[in-house]
Amino acid sequence: MTIHPVTGTVTQAAMRALMPADMPEVSRLHERVFGPGRYARTAYRVREGAPKGTPLLSQYCRCVAVGPRLLGSLNMTKVSIGGTGDALLLGPVAVDPEFANQGFGRSMINDAIDAARKDGVKLMLLVGDAPYYARMDFVAVPTGQITLPGPVNPARLLAIELQPGVLDSYRGKVTAR
Ligand SMILES: CC(C)(COP(=O)(O)OP(=O)(O)OC[C@H]1O[C@@H](n2cnc3c(N)ncnc32)[C@H](O)[C@@H]1OP(=O)(O)O)[C@@H](O)C(=O)NCCC(=O)NCCS
């Protein structure tokens, strides 16, 4: 359930997989949340390097929607790290500021984590605020162990092991698969 903060209207918000038809809405949401600098985000840079023909969306992308309107979206890119696969790069994740702090961000992330773990994905990586993602068990990657296109503040490079002990085996450059 979602209560609009201004109108007070109550609506049913549902989480589901993100589909190609949602992409115009995702673009609008990203524009609203991140502004014109959004294409400089690390996840966009990694995706740009994907082999030609790679689908834009993986099965781990999620959204929270009320009908056709997206309240939040989560992108997830399949990556290799130093040539080792079975890893995902989370981001961008965005929740419409009008609907922030209702658990939508956390639900999308946890749902994607559960699905990825079931599929045997071993590691999920992201660049983001440690205090937010620590609640979902993400930890800082040791400085210099994993590199991304462009500079990244090491304190913001975070990962969650979906199988115990795998982080140590992921070393090197992140590339889209
Ligand atoms: C970050 C974001 C995805 C969180 O989504 P959300 O649905 O609003 O958040 P949730 O409901 O899952 O979690 C809310 C809690 O996280 C906290 N939180 C939110 N953003 C935070 C941040 N950047 N750092 C630390 N804590 C944060 C809130 O204060 C709240 O705390 P509480 O439970 O103690 O009240 C959303 O605020 C957003 O889109 N932000 C702008 C874009 C962004 O920074 N994206 C992440 C980088 S790709």
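Residues numbered from 1 in each chain as written. Predicted model: local features only at pLDDT ≥ 70, side-chain atom pairs only at ≥ 80, totals over all residues.

**Examining the site of the ligand**
In the vicinity of the ligand lie 17 residues, with A100, G105, R106, D129 and Y132 positioned nearest. Where the shell around the ligand is concerned, the elements lending two or more residues are β6 (84-95), α3 (104-118) and α4 (130-133). Counting residues per element, the shell around the ligand draws most heavily on β6, at five residues. Across the shell around the ligand, the residue classes tally to nine nonpolar, six polar and two charged. (Near = placed C-beta within 6 Å. Helix = DSSP H or I, 4+ residues; strand = E, 2+ residues; numbered from the N terminus. Nonpolar A, V, L, I, M, F, W, Y, C, P; charged D, E, K, R; others polar.)

**Considering the pairing of strand β7 (residues 123-127)**
Regular strands show a simple pattern: their side chains alternate between the two faces of the sheet. Burial runs high along β7: five of the five residues are buried. Covered by surrounding structure in β7 are L123, L125 and V127 together with M124 and L126, the residues of both alternating faces. Pairing of β6 with β7, which is carried by four bridges, proceeds in the parallel orientation. Paired with A87 across the bridge in β7 is L123. As paired elements, β7 and strand β10 (residues 157-161) share five bridges and run antiparallel to each other. Considered in β10, the bridge of V127 is made with L157. (Buried ≥ 20, exposed ≤ 12 C-beta atoms within 10 Å, placed from the backbone. Pairing = 2+ DSSP bridges.)

**Structural notes on the nonpolar core**
Membership of the largest hydrophobic core comes to 47 residues, with the highest contact counts inside it found for L88, L89, L90, M124, L125 and A159. For this core, the element with the most residues is β6, which contributes seven residues. Sequence-distant contacts of L88, that is, excluding residues within four places in its chain, are made with Y60, M76, T77, K78, V79, A116, V121 and M124. (Core = buried A, V, L, I, M, F, W, Y, C linked by C-beta atoms within 7 Å. Contact = placed C-beta atoms within 7 Å.)

**Remarks on helix α1 (residues 23-34)**
Spanning 12 residues, α1 covers 16 Å between terminal C-alpha atoms, matching the ideal 16 Å at 1.5 Å per step. Residue G35 follows α1 closely and has a positive phi angle near 75 degrees. (Expected span 1.5 Å × (residues − 1).)

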